[in-house]
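Each chain is listed here by its residues.
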Amino acid sequence: AIGGGIGALVTTPMDVLTTLIITSSQGAASSEGVTQYLKDLLEEQGPKGLLQGATQRTLYWAPAIGIFLSVYCSLRKFALISGL
């Protein structure tokens, strides 16, 4: 669960940029490039702009990864014991 939370927090800036590019009027076909979107975001919102939604992503992914790993490990153990 902790790893899922850390992963969500670390990848938030890339997700913010991806969402910004996808929702822009030009979309991915823009010739501006990722660096221009990053510059624009930093000018408009500052460094905090890169962490928009970080709390929500972390609170979503931490338990989701915890549940996934618990189920995966349980099923893997069952498969090894059963000879599957």
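Residues numbered from 1 in each chain as written. Predicted model: local features only at pLDDT ≥ 70, side-chain atom pairs only at ≥ 80, totals over all residues. Heavy atoms only, no water.

(A) Inspection of the overall build of the protein chain at higher detail. Scanning the protein chain from terminus to terminus reveals three helices and zero strands. Counting helices and strands in the order they occur from the N terminus, the protein chain gives α-α-α. A compact globule built from 84 residues should have a C-alpha radius of gyration of about 12 Å, whereas the protein chain, at 18 Å, is more than 25% larger. For the protein chain, the C-alpha atoms occupy an extent of roughly 55 × 25 × 15 Å along the three principal directions. For the protein chain, the residues scored as buried account for 23% of the 84 residues in total. The contacts in the protein chain between residues at least 6 apart in sequence include a share of 56% that link residues at least 24 apart. Of the roughly 6,200 Å² of accessible surface on the protein chain, a fraction of 68% belongs to carbon and sulfur atoms. Separation of charge centres in the protein chain, based on 5 positive and 5 negative side chains, amounts to 23 Å. (Helix = DSSP H or I, 4+ residues; strand = E, 2+ residues; numbered from the N terminus. Rg over C-alpha atoms; globule rule 2.2 N^0.38 Å. Buried < 20%, exposed > 50% of the residue type's maximum accessible area, 1.4 Å probe, protein only. Contact = heavy atoms within 4.5 Å. Areas by Shrake-Rupley, 256 points an atom, 1.4 Å probe, with all protein chains shown as cover. Lys, Arg positive; Asp, Glu negative; His and termini not counted. Charge placed at Lys NZ, Arg CZ, Asp CG, Glu CD.)

(B) Focus on the packing of helix 1 (residues 2-23) against helix 2 (residues 34-45). At a minimum axis separation of 10 Å, helix 1 and helix 2 run at an interaxial angle of 105 degrees. It follows that helix 1 is roughly perpendicular to helix 2 by the angle criterion. The segment helix 1 lies against helix 2, with Val16, Leu17, Leu20 and Ile21 engaging Val34, Tyr37, Leu38 and Leu41. Looking at the contact of helix 1 with helix 2 residue by residue, the class counts come to eight nonpolar, no polar and no charged. (Axes fitted to C-alpha atoms, helices over the stretch in contact; angles between N-to-C directions. Parallel < 35°, antiparallel > 145°, perpendicular 65-115°, else oblique. Nonpolar A, V, L, I, M, F, W, Y, C, P; charged D, E, K, R; others polar.)

(C) Seen up close, the nonpolar core. Among the nonpolar cores identified, the biggest contains six residues, and these are Val16, Leu17, Ile21, Tyr37, Leu41 and Leu50. Secondary structure elements with two or more residues in this core: helix 1 and helix 2. The element contributing the most residues to this core is helix 1, with three residues. Apart from residues no more than four positions distant in its own chain, Val16 is found in contact with Leu41, Gly49, Leu50 and Gln52. (Core = buried A, V, L, I, M, F, W, Y, C linked by side-chain atoms within 4.5 Å.)

Note that all results are geometric; they support no functional claim without further evidence.
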